[in-house]
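Chains, contacts and geometry: an overview
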Amino acid sequence: MTDCITMIKYQGLGNDYLVLDPNKNRVQLQGKKIALMCQRGFGLGADGVLYGPVDINGKMGVHIYNSDGSEAAISGNGVCIFAKYLLDHEYVKEKKFEIKTLSGSIEVECLNSRATEFRVNMGKASFLSREIPVTGEVREVINEDFTFNNKDYKATCLTIGNPHCIIFMDEVSEKAARELGPYVENADEFPERMNLQICRKIDTGNLDIEIWERGSGYTKASGTGSCAAAMAAYKLGLTENRININQPGGMIQIDIHEDGTIYMTGSVGYVADMSVAESFFS
Ligand SMILES: N[C@@H](CCC[C@H](N)C(=O)O)C(=O)O
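None of these values were measured; they are calculated from a predicted model.

Not every one of the 15 residues close to the ligand is listed here, only the nearest: Asn 66, Gly 76, Glu 213, Gly 223 and Thr 224. Note that a nitrogen atom of the ligand is positioned 3.3 Å from one of the side-chain N or O atoms of Tyr 17. Within the side chain of Asn 66, one N or O atom sits 2.8 Å away from a nitrogen atom of the ligand. When the ligand sits alone it has 360 Å² of accessible area, and the protein chains cover 100% of it.

In this section: the packing of aromatic side chains. Applying the stated rule across the entire model yields 8 aromatic pairs. Ring geometry for Tyr 85 versus Tyr 91: centroids 6.1 Å apart, planes at 35°, classification tilted. Assessed through its relative accessible area of 30%, Tyr 91 is described here as partly exposed. Seen in terms of ring centroids, Phe 146 and Phe 148 are 5.6 Å apart; in terms of plane orientation they differ by 10°. Their pairing is stacked. Here the two residues Phe 146 and Phe 148 agree in accessibility, since each one is buried.

Counting buried positions along strand E17 (residues 261-267) gives 6 out of 7 residues, so the element sits mostly inside the fold. As defined by bridge partners, strand E16 (residues 250-256) adjoins E17 across 4 bridges and the pair is classed as antiparallel. Paired with Ile 254 across the strands is Met 264, a residue of E17. Linking two consecutive strands that pair antiparallel, namely E16 and E17, is a turn of 4 residues; a positive phi of about 90° is found at Gly 260 within it.

Next up on the list: the environment of Ser 70. By secondary structure assignment, the location of Ser 70 is in the loop between strand E4 (59-66) and strand E5 (71-72). Among residues more than four places away in sequence, those in contact with Ser 70 are Ile 64, Tyr 65, Arg 193 and Gly 215. For Ser 70, the side chain forms a polar contact with the side chain of Arg 193, separated by 3.3 Å.

Let's shift gears to the confidence of the model for the protein. Of the residues in the protein, 99% reach a pLDDT of 70 or more, and the chain-wide mean stands at 96. When pLDDT is averaged over each element of the protein, strand E11 (residues 163-168) comes out on top at 99 and helix H1 (residues 31-38) at the bottom at 94. Prediction confidence for the complex, expressed as pTM and ipTM, is 0.97 and 0.94 respectively.

Positionally, Arg 139 belongs in the loop between strand E8 (117-124) and strand E9 (144-148). A polar contact is formed between the side chain of Arg 139 and the backbone oxygen of Thr 135, at a distance of 2.7 Å. Engagement of the side chain of Arg 139 in a polar contact is seen with the side chain of Glu 144, the distance being 2.6 Å.

All right, on to helix H3 (residues 174-185) then. For H3, spanning 12 residues, the distance from its first C-alpha to its last is 16 Å, which sits close to the expected 16 Å at 1.5 Å a residue. For H3, the complete set of buried residues consists of Ala 177, Leu 180, Gly 181, Val 184 and Glu 185. With its buried residues spanning 125° around the axis, H3 presents them on a single face. Here the buried face of H3 lies against E9, strand E10 (151-159), E11, strand E12 (195-203), strand E13 (206-213) and strand E14 (217-219).

Calculation rules
Residues numbered from 1 in each chain as written. Predicted model: local features only at pLDDT ≥ 70, side-chain atom pairs only at ≥ 80, totals over all residues. Heavy atoms only, no water. Near = heavy atom within 4 Å. Polar contact = N/O pair within 3.5 Å; in protein donor to acceptor, adjacent residues only side chain to side chain. Areas by Shrake-Rupley, 256 points an atom, 1.4 Å probe, with all protein chains shown as cover. Phe/Tyr/Trp six-rings, centres within 6.5 Å; stacked < 30°, edge-to-face > 60°. Buried < 20%, exposed > 50% of the residue type's maximum accessible area, 1.4 Å probe, protein only. Helix = DSSP H or I, 4+ residues; strand = E, 2+ residues; numbered from the N terminus. Pairing = 2+ DSSP bridges. Contact = heavy atoms within 4.5 Å. pLDDT = per-residue confidence, 0-100. Expected span 1.5 Å × (residues − 1). Arc of directions from axis to C-beta.

Right under this line is the structure:
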């Protein structure tokens, strides 16, 4: 029998990931293999790969990869999807547990019996340039002037464990995100590249966003992107501390606590068991 690599595809509001469990596969993960798996058309198609469970500093963790093969420190939808995988495959039995990522330990809570709704403690954001990172003197990057593709914008940048640029606009669209995204992602001001969310304020409890992800491009939803958009709007005094983030794949609710801790409530779904022959990578 040909050696196969087995994966399970899940999605969080259309932000889809392949879970690759090293306990079930003997595979040396490399960036180009990940990129090949994620390709739509030539590969299996996904916004990224979740490789785990693995040991990270003595705890059960997951490595998160974007569809270009780059590794991300955190993914909100990715953590919800991985939490579902761990419950579905009985790696955990509790409803509340921690998942280790490169950005730290993330507390997750399963909210329903089908393990499709999760509440995640995403920690605190930082607007400090040296933590995001953004070049220039150390400052909070709030409503700052930037030029992307020869056009001037006001942007607020922050880290949720991964870097985000938030630009408020009167109208947001997939077209606008796809046009601006690559310039923001790869701007010289952002040494580790950048995730972009363009945002429209609907009211003090609702934002509309469109997303261009570092390393994955246009996606239908983003957990960390939702946290970043909500935190930027709250910091700018545009919203209350409970904000519904409406995005093409659906809605993610964000709660910002008094101490600045951000909680996201997201939904995920199982898509399919998939396998590829080793020869797929040759
Ligand atoms: N879709 C994710 C974000 C994934 C990581 C991001 N592309 C990065 O490189 O930081 C989410 O749901 O947060």
